[in-house]
Amino acid sequence: MVIVLNDNGRSYAPTVSRLSLSLTHLRLNPAYVHARQRIRHLIRELPGVGDLAYSGVHGLTSALREVVTPHTFFEALGIRYAGPIDGHDIAGVELALGNATEWPGPIVVHVLTQKGRGYAPAEEDEIQRLHDVKVRPATSDRVDGDGIVRVGTAAGGTVDPSEVGDEQRAGGDAAVLPVTTFTDAFTRSLLRQAEEDPRIVAITAAMPGPTGLLPFEARFPERFVDVGIAEQHAVTAAAGMAMAGMRPVVAVYSTFFCRAFDQANLDVGLHGLPVVIVLDRAGITGDDGPSHHGLLDMALALSIPGMRVFAPSSAPEVEVMLAQALTLDGPSIIRFPKTPAPWVADGAVGSGMDARRTRTGDGSVCILAVGKMLMAAESAAQELEAEGSTRRSGTSEWCPTPIPRCWPTQPVTVW
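In this report, we go over the structure that sits alongside the text. Bear in mind the structure is a predicted one, so any value in this text is a computation, not a measurement.

Calculation notes
Residues numbered from 1 in each chain as written. Predicted model: local features only at pLDDT ≥ 70, side-chain atom pairs only at ≥ 80, totals over all residues. Heavy atoms only, no water. Salt bridge = Lys/Arg side-chain N within 4 Å of Asp/Glu carboxyl O. Helix = DSSP H or I, 4+ residues; strand = E, 2+ residues; numbered from the N terminus. Buried < 20%, exposed > 50% of the residue type's maximum accessible area, 1.4 Å probe, protein only. Pairing = 2+ DSSP bridges. Axes fitted to C-alpha atoms, helices over the stretch in contact; angles between N-to-C directions. Contact = heavy atoms within 4.5 Å. Phe/Tyr/Trp six-rings, centres within 6.5 Å; stacked < 30°, edge-to-face > 60°. Lys NZ or Arg CZ within 6 Å of the ring centre and 35° of its normal. Parallel < 35°, antiparallel > 145°, perpendicular 65-115°, else oblique. Nonpolar A, V, L, I, M, F, W, Y, C, P; charged D, E, K, R; others polar. Core = buried A, V, L, I, M, F, W, Y, C linked by side-chain atoms within 4.5 Å.

1. Comments concerning the pattern of salt bridges
Summed over the entire model, instances satisfying the criterion amount to 14 salt bridges. Residue Arg359 is joined to Glu378 by a salt bridge in which the shortest nitrogen-to-oxygen separation is 3.2 Å. Here Arg359 is found in strand E13 (residues 357–359), whereas its partner Glu378 is found in helix H14 (residues 373–387), with 19 residues between them in sequence. Here Arg359 and Glu378 have matching classes, each one buried. Notably, a salt bridge pairs Glu385 with Arg359, separated by 3.4 Å at the nearest N-O pair.

Dropping the structure here:
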């Protein structure tokens, strides 16, 4: 097997870990590589003793490599290491791969590349290097009759008009960043909570940008931890921090929570630790692709004893839910979608772990909605009302766990 290690120094964001540091700092030191090649070439040219001297120098450089390079990491696993080579040198890569196929066992071919090389917008994008580029819908502002203000996108997106002012346009405090998505609401809410509580620490797994933690890292660098692509480590580290009296907030994509289920169940849930896990991109994620659909987090979370699950249906609820989650004496999860976050009118935000009644009816029809499904439930209620099936249908946007607590025993309006 030939394993190609495409080393561009990044995953989604810049790569972190000791192995990464040695790959990019020690083993990839051009001076070391060039000097080694030059010395080997010169010694082999020595008359009479060239081959013997070469063998001695080869042994010396191999020993030196054992000390200063990741060579031992691979060979300790029984995998031969070859490299590094310039990944943008097509002829060199072809030669290296050809030689690698002659090795009678597994071999790593270490190639160095630059993410986005040759395309200026990607090279200048320090955060993502244009890892993904999404189509932006046309803007259209409107206020619906249900009291929800939708501003900024044709899909129903969402800033609070009163908060988009000169201070934000001038790059004001991150705690008053404009809110157009649930992620934006989480960023702002976490900053506000962290200003008041020095115990709060934010943890992510190689995705500080997409989960909205870059402003937190800039404001509280000593309270921010990126563990790299290791969700399991992130959750277990959070468990240890919680045992030490801190209030850890772990932010990852919903789809990647599956990787850390054992840790959430046995390291956090079993001990009833106050760890807040924030799951971004819950539900269908559209053009992120099927590997990023967050379809399992609710089922997994509700199987963990003592786990509270929050699902905001609007931007202001994120702040309310995060504030409460940080006061709990046990674990909690806040899940929200990638879709734009509606901004509800004053007084339309619930509190506590109870469901909230948003429409009242005659009790003949009951509609329960969790999180972003509130808008769909409202639409369904309006259609039923128009058809005369019921005057007003009951809907709920915020359901406590376990779910059966808010299931009606008779056909009445529910909270």
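2. Topic: the sheet that holds strand E6 (residues 200–204)
On the basis of which strands lie adjacent, the open sheet formed by 6 strands has the order E7-E6-E8-E9-E11-E10 and parallel pairing. Every interior strand has two partners, whereas the edge strands, strand E7 (224–226) and strand E10 (308–310), have only one. Pairs of neighbouring strands in the sheet enclose a mean axial angle of 20°, with direction left out of account. In the sheet, E6 pairs with strand E8 (residues 247–253) via 5 bridges, with the strands oriented parallel. Within E8, the residue paired with Ile200 across the bridge is Arg247. Against the sheet, helix H8 (residues 182–196) contacts E6, E8 and strand E9 (276–280), and its axis sits at roughly 145° relative to E6. Seen against the sheet, helix H13 (residues 315–325) touches E8, E9, E10 and strand E11 (332–335) and runs at an angle of roughly 170° to E11.

3. Some thoughts on the packing of aromatic side chains
Enumeration over the complete set of coordinates arrives at 5 aromatic pairs. Ring centres of Tyr253 and Phe256 lie 5.9 Å apart, and the angle between their planes is 0°; this geometry places the pair in the stacked category. Each residue in the set Phe182, Phe186 and Phe336 is aromatic and connected to the rest through ring pairs, giving one cluster. A cation over a ring is seen here: Arg223 above Phe220, with NZ or CZ 4.4 Å from the ring centre.

4. Quick notes on the packing of helix H10 (residues 231–243) against helix H11 (residues 261–269)
Orientation of H10 relative to H11, taken along the N-to-C sense of each, is 10°, at an axis distance of 9 Å. Looking at the two axes, H10 sits roughly parallel to H11. When H10 is examined against H11, the residues Gln232, Val235, Thr236 and Ala239 are found in contact with a partner set consisting of Gln263, Ala264, Asp267 and Val268. Tallied by class, the residues present in the contact of H10 with H11 amount to 4 nonpolar, 3 polar and 1 charged.

5. Let's talk about the nonpolar core
Within the largest apolar cluster, 30 residues are counted, with the highest numbers of intra-cluster contacts made by Phe186, Leu190, Leu213, Phe216, Val249 and Val276. Looking at this core, the elements that each hand over two or more residues are H8, E6, E8, E9 and H13. The greatest single-element share of this core, amounting to 6 residues, is contributed by H8. In this structure, Val252, Phe257, Leu279 and Ile333 belong to the second largest nonpolar core, which totals 27 residues.

This is a description of form; function is not addressed.
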